[in-house]
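Structural description and commentary
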Amino acid sequence: MRIKDTLIEVVEGKIEETTSDFAISRGLFKDDMTEQAIRGIVFRSLNEAIQAKAESIALPCFTCKVSGIPLSGVAKILSQEVLKAIKSDSNTLRGVVFFVEDEDLYLKFSETV
């Protein structure tokens, strides 16, 4: 999918395999996080990438089992924050890659995004 000049894609694999200029570590996200906490991390990371003039960013896809946010909820949160960032006047990102580590999550995440 392409929005403005930014290509958005979902790939199956490990985020460590990325060739993106900037990556958000899965380790930043805990299983008991709230929606606001997830949004905050993604917002700050996207802004950091844009300020660094990164042209691409990789984001992990995950579920928050303890707090009960399902994959579809996390996908929606990530997508909304990415859309806000790439629609901003200061956007430098030309590629956004969501990394999903297993096939079932890949299929579910792809449907949501």
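Everything numeric here is computed off the predicted structure, so don't read it as measured data.

The subject of this paragraph is the overall build of the chain. The helix and strand tally for the chain stands at three helices and five strands. What you see in the chain, going N to C, is helices and strands ordered as β-β-β-α-β-α-β-α. Its C-alpha atoms give the chain a radius of gyration of 13 Å, near enough to 13 Å, the size a compact globule of 113 residues would have. If you line up the chain on its principal axes, its C-alpha atoms span 35 × 25 × 25 Å. In the chain, buried positions account for 45% of the 113 residues.

The next subject is the confidence of the model for the chain. Caution is warranted with low-pLDDT regions, since their predicted coordinates should not be read in detail. When the pLDDT values of the chain are averaged, the result is 85; 96% of them are 70 or greater. At the level of individual helices and strands, the chain shows its lowest average pLDDT in strand 1 (residues 2-3), which scores 73, and its highest in helix 1 (residues 35-51), which scores 92.

It is worth spelling out helix 1 at this point. With 17 residues, helix 1 should reach 24 Å at 1.5 Å per residue; the first-to-last C-alpha distance of 24 Å fits that figure. Buried residues belonging to helix 1 abut strand 3 (22-23), strand 4 (56-60) and helix 2 (71-86). Remark: Lys53 follows helix 1 within two positions and exhibits a positive phi of approximately 65°.

Turning next to the pattern of salt bridges. The final tally for this structure, using the stated rule, is three salt bridges. We note a salt bridge from Lys84 to Glu81, for which the minimum N-O separation is 3.0 Å. Taken together, the positions of Lys84 and Glu81, both in helix 2 and three residues apart, correspond to about one turn of that helix. What you see here is one network of salt bridges that share partners, running through Glu35, Arg39, Glu81 and Lys84.

Calculation criteria
Residues numbered from 1 in each chain as written. Predicted model: local features only at pLDDT ≥ 70, side-chain atom pairs only at ≥ 80, totals over all residues. Heavy atoms only, no water. Helix = DSSP H or I, 4+ residues; strand = E, 2+ residues; numbered from the N terminus. Rg over C-alpha atoms; globule rule 2.2 N^0.38 Å. Buried < 20%, exposed > 50% of the residue type's maximum accessible area, 1.4 Å probe, protein only. pLDDT = per-residue confidence, 0-100. Expected span 1.5 Å × (residues − 1). Contact = heavy atoms within 4.5 Å. Salt bridge = Lys/Arg side-chain N within 4 Å of Asp/Glu carboxyl O.

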